[in-house]
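So the chains spell out like this:
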Amino acid sequence: MTDQLKKILLGEQGLVVIFLVAFALVSALVPNFLTDRNMLGLLQSVVTVGIVACTMMFCLAARDFDLSVGSIVAFAGMVAVMASNATGSILLGLLAAIASGAFVGFINGVVIAKFRINALITTLATMQIVRGFALIASDGRAVGINSPDFYQLALSKLLGIPTPIWVLAALFGIFGFVLNRTVFGKNTLAIGGNPEASRLAGVNVDRTRIWIFALQGVVCGIAGILLASRITSGQPNAAVGLELSVISACVLGGVSLAGGRATMSGVIVGVLIMGIAENAMNLLNIPAFYQYIVRGVILLLAVLLDNLRSSALGRR
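About the thresholds
- Residues numbered from 1 in each chain as written.
- Predicted model: local features only at pLDDT ≥ 70, side-chain atom pairs only at ≥ 80, totals over all residues.
- Heavy atoms only, no water.
- Core = buried A, V, L, I, M, F, W, Y, C linked by side-chain atoms within 4.5 Å.
- Buried < 20%, exposed > 50% of the residue type's maximum accessible area, 1.4 Å probe, protein only.
- Helix = DSSP H or I, 4+ residues; strand = E, 2+ residues; numbered from the N terminus.
- Contact = heavy atoms within 4.5 Å.
- Axes fitted to C-alpha atoms, helices over the stretch in contact; angles between N-to-C directions.
- Parallel < 35°, antiparallel > 145°, perpendicular 65-115°, else oblique.
- Left-handed = near helix turned anticlockwise from the far one by under 90°.
- Nonpolar A, V, L, I, M, F, W, Y, C, P; charged D, E, K, R; others polar.
- Salt bridge = Lys/Arg side-chain N within 4 Å of Asp/Glu carboxyl O.

Core analysis: the biggest nonpolar cluster contains 82 residues, and I51, V52, M56, M57, V73 and V246 have the highest contact counts within it. Top element by residues in this core is helix α4 (residues 47–61). It accounts for 12 residues. Beyond its immediate stretch of four places on either side in the chain, M57 contacts F175, L179, C250, V255, A262, T263, M264 and V267.

Note on placement: C220 falls in helix α12 (residues 205–230). We classify C220 as buried; its relative accessible area is 0%. Each C-alpha atom, one on C220 and one on L200, is 32 Å from the other, the two residues being 20 residues apart in sequence.

Their axes nearest at 10 Å, the elements helix α6 (residues 90–114) and helix α7 (residues 119–138) cross at an angle of 150°. Between α6 and α7, the interaxial angle falls into the category roughly antiparallel. Crossing geometry of α6 relative to α7 is assigned as right-handed. Listed contacts from α7 to V104, N108, V111 and I112 of α6 are A119, T122, T123, T126 and V130. Residues belonging to the contact of α6 with α7 are distributed by class as follows: 5 nonpolar, 4 polar and no charged.

Before going further, it helps to spend a moment on helix α13 (residues 242–252). Most of α13 sits inside the fold, with 10 of its 11 residues counted as buried. Within α13, burial applies to L242, E243, S245, V246, I247, S248, A249, C250, V251 and L252. Looking one or two residues beyond α13, the residue adopting positive phi is G254, at roughly 95°.

Further remarks concern unusual backbone geometry. Peptide bonds are trans in most cases, and residues, glycine excluded, mostly fall at negative phi. With phi around 60°, R116 is a residue other than glycine that occupies positive phi space. Mapping R116 onto the fold places it in the loop between α6 and α7. On the accessibility criterion, R116 (52% relative accessible area) is exposed. Of note, the phi angle at A239 is positive, near 60°, even though the residue is not glycine.

The next point concerns the pattern of salt bridges. Opposite charge on two side chains permits them to pair, given that their charged atoms come into close proximity. Summed over the entire model, instances satisfying the criterion amount to 6 salt bridges. Close ionic contact of R295 with E278 constitutes a salt bridge, the shortest N to O distance being 2.7 Å. Placement of R295 in helix α15 (residues 288–312) and of E278 in helix α14 (residues 264–283) is noted, with a sequence separation of 17 residues between them.

This is the structure in structure tokens:
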């Protein structure tokens, strides 16, 4: 295999090929996969992972990680439900959830950027702390939703398509534009490529990293709201392991763990590949215990693909 062919297969074209092959195989082998109901269900199932992946892409592209996203999603969902119940206002509940997510993300960014603590350790600590707050606030139990209107956030449809899917599509578009068409997006990729060179070129590296984590928190707040609406309660134990699915989807989509490389189109393909795998396992009634093994294998394959891409592009 020539070097040029390797670059093609491991680039965006290769991602599309992998996606089309996976889609074709699952369509042929899994009963009822291509039904309209299942296609909508597949898209709804990737909403949470897809929303969080929009900004995890920026974290990874800047050579950082955020392992706290699952805990923030659960915490934000709890805040949305509890604030809505307490005030009688769904709008206040939504704003409180987004603000709480942004606050946690901001704290992550400040600790990482200003105190120079490794992102992996910082967000691992935050993951435990925020999950603990969610459990304490709810006494470890699910919190029911008082207003039926809260359910409509996940149940409502526009042109026959559930609202959460439209939200996901909008965020894909917004953050794809931010990555490709704004100074912030270009600075993020530059920081991931070479932080010191970016600093010497006049990029405010610390401020950019803080903004990245703050945006990650905002997006987790949105994901937490939609998840709470879909499962009809605030669950302190929701979204456990979400961070691994999100990172797997991003890396499958071509986001480099070494930083400096990311595309929104690749992330979308990575999210869909993860969704197809989960959907196929559910349709085939594969036991949950075995599904953990499959997720782990996908994560390993994602990291292997990242290494191959980096070698093919001459980055290592």
